[in-house]
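Structural overview
Below are the chains, spelled out letter by letter.
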Amino acid sequence: MAAPKSCVLWSYCGRGWSRAMRGGQLLGLRSSWSGAPLNARLLSQEKRATETHFGFETVPEEEKGGKVYQVFESVAKKYDVMNDMMSLGIHRVWKDLLLWKMRPLPGTQLLDVAGGTGLAWVLGDAEELPFDDDKFDIYTIAFGIRNVTHIDQALQEAHRVLKPGGRFLCLEFSQVNNPLISRLYDLYSFQVIPVLGEVIAGDWKSYQYLVESIRRFPSQEEFKEMIEDARFHKVTYESLTSGIVAIHSGFKL
């Protein structure tokens, strides 16, 4: 049975469409034993091809979308409060910097994926966008792309729906580049954030998934290469707050 599509919420922003994503994450494959009989190897390869990561847990692809959906359903009511508490409000500065890089003008066709911003929402799939080719001037996604099942397919779809000359912008958690800050960040992430989730939102597991999913996401350079593989040009990134997050940018030429 084919894996169900990632559930995503889009909104129309006056200037464009937007959607809030509830999909899977980075595909993870295990290596097989080359000395196994052919049939066993084929079964092993089939099994690997249908598995992915949900935080540090390996799950069937067809279950990933539902699990991520449940996470966001669980945390929705306290989502903004928890973001402020976990980041001490810094997430608002990160988003302001993304908007500053975007610099939308009147009439800009903007697709904000995983944002939930705008006036009207449309349900869709990050890996199969319900929009025509060459439609948007800017595609943005903030803290959403690490939750899709196949990041490469989501990037290819971003490229498809952008007009020639259109810009891709992604704000996402990344890799801390200072060893001391990295150790402190890990301590805070694994020992404090789930506790905050339990106290404020009554949900330890969802925030445990959050910190695990961040550790599963590619580094700044690795993600840059993935964006280039999706045929974007002039790909750059800027690390913020010692690399806790990064903004990646690329253009469709």
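Residues numbered from 1 in each chain as written. Predicted model: local features only at pLDDT ≥ 70, side-chain atom pairs only at ≥ 80, totals over all residues. Heavy atoms only, no water.

1. Details of the overall build of the protein chain
Scanning the protein chain from terminus to terminus reveals 9 helices and 10 strands. Scored against the burial criterion, the 253 residues of the protein chain give a buried share of 46%. A sequence separation of at least 24 residues applies to 73% of the contacts in the protein chain between residues at least 6 apart. (Helix = DSSP H or I, 4+ residues; strand = E, 2+ residues; numbered from the N terminus. Buried < 20%, exposed > 50% of the residue type's maximum accessible area, 1.4 Å probe, protein only. Contact = heavy atoms within 4.5 Å.)

2. Here's the deal with helix α8 (residues 204-216)
For α8, built from 13 residues, the straight-helix expectation of 18 Å at 1.5 Å per residue is met to within 8% by its first-to-last C-alpha distance of 19 Å. All buried positions along α8 are accounted for by Ser206, Tyr207, Gln208, Tyr209, Leu210, Val211, Glu212, Ser213 and Ile214. A side-chain oxygen of the first residue of α8 lies 3.3 Å from the backbone nitrogen of lysine 205; this N-cap is aspartate 203. (Expected span 1.5 Å × (residues − 1). Polar contact = N/O pair within 3.5 Å; in protein donor to acceptor, adjacent residues only side chain to side chain.)

3. Brief notes about the packing of aromatic side chains
In this description, an aromatic ring pair is defined by two values, namely the gap between the centres and the angle between the planes. With the rule as written, the count across this model stands at 7 aromatic pairs. Connected via pairs of aromatic rings, a cluster forms that spans Trp94, Phe143 and Phe173. The ring of phenylalanine 136 has lysine 135 lying over it, and the distance from NZ or CZ to the ring centre is 5.8 Å. (Phe/Tyr/Trp six-rings, centres within 6.5 Å; stacked < 30°, edge-to-face > 60°. Lys NZ or Arg CZ within 6 Å of the ring centre and 35° of its normal.)

4. A few points about the packing of helix α7 (residues 193-201) against α8
Direction vectors running N to C along α7 and α8 enclose 150°, while the axes themselves pass 7 Å from each other. Taken as a pair, α7 and α8 cross one another with a handedness that is right-handed. Of the residues in α8, those touching α7 at Ile193, Pro194, Val195, Gly197, Glu198 and Ala201 are Trp204, Tyr207, Gln208, Leu210 and Val211. Across the contact of α7 with α8, the residue classes tally to 8 nonpolar, 2 polar and 1 charged. (Axes fitted to C-alpha atoms, helices over the stretch in contact; angles between N-to-C directions. Left-handed = near helix turned anticlockwise from the far one by under 90°. Nonpolar A, V, L, I, M, F, W, Y, C, P; charged D, E, K, R; others polar.)

5. Re unusual backbone geometry
Not every positive phi belongs to a glycine, and leucine 88 is a case in point at roughly 55°. As for its position among the elements, leucine 88 is in the loop between α3 (79-87) and α4 (90-102). Overall, the relative accessible area of 74% leaves leucine 88 in the exposed class. Here serine 242, not a glycine, exhibits a phi torsion of approximately 60°, which is positive. With respect to the secondary-structure elements, serine 242 resides in the loop between β9 (233-240) and β10 (245-251).

6. Topic: α7
When α7 is considered as a whole, its buried residues turn out to be Ile193, Pro194, Leu196 and Gly197. Seen from one end, α7 has its buried residues packed into an arc of 155°, which puts them on one side. In the stretch just after α7, glycine 202 is the one whose phi turns positive, near 65°. (Arc of directions from axis to C-beta.)

7. Remarks on the side chain of histidine 159
Tracing the backbone shows histidine 159 in helix α5 (residues 151-161). Polar side-chain contacts of histidine 159 include one of 3.2 Å to the backbone oxygen of arginine 231. Beyond its immediate sequence surroundings of up to four residues, histidine 159 is in contact with Ala230, Arg231, Phe232 and Lys252.

8. Structural notes on the UniProt feature "binding site: S-adenosyl-L-methionine" (unreviewed entry) in the protein chain
The feature "binding site: S-adenosyl-L-methionine" (unreviewed entry), as given by UniProt, occupies Thr117, Asp125 and Ala126 in the numbering adopted here. Position of aspartate 125 relative to the elements: it lies in the loop between β6 (120-124) and β7 (136-142). Relative accessible area serves as the criterion here: at 6%, aspartate 125 is assigned to the buried category. (UniProt positions renumbered as here; feature names shortened; annotations may be inferred.)

9. Things to note about a negative patch on the surface
On the surface, a cluster of negative charge is contributed by Asp152, Glu221, Glu222, Glu225 and Asp229. If you tally residues by element for the negative patch, the top one is helix α9 (residues 220-229), at 4 residues. Looking at the element boundaries, glutamate 222 is found in helix α9. A relative accessible area of 45% means that glutamate 222 is categorised as partly exposed. (Patch = residues over 30% accessible without salt bridge, like charges linked within 9 Å, V, L, I, M, F, W, Y side chains within 5 Å. Areas by Shrake-Rupley, 256 points an atom, 1.4 Å probe, with all protein chains shown as cover. Salt bridge = Lys/Arg side-chain N within 4 Å of Asp/Glu carboxyl O. Lys, Arg positive; Asp, Glu negative; His and termini not counted. Charge placed at Lys NZ, Arg CZ, Asp CG, Glu CD.)

10. Side note on the environment of glutamine 70
Within the secondary structure, glutamine 70 sits in helix α2 (residues 61-75). Given the relative accessible area of 54%, glutamine 70 is considered exposed. Along the primary structure glutamine 70 and serine 206 are separated by 136 residues, whereas in three dimensions their C-alpha atoms are 8.6 Å apart.

11. Considering the side chain of glutamate 157
Mapped onto the secondary structure, glutamate 157 falls in helix α5. For glutamate 157, a relative accessible area of 12% gives the class buried. A polar atom in the side chain of glutamate 157 sits 2.6 Å from the backbone nitrogen of leucine 129.

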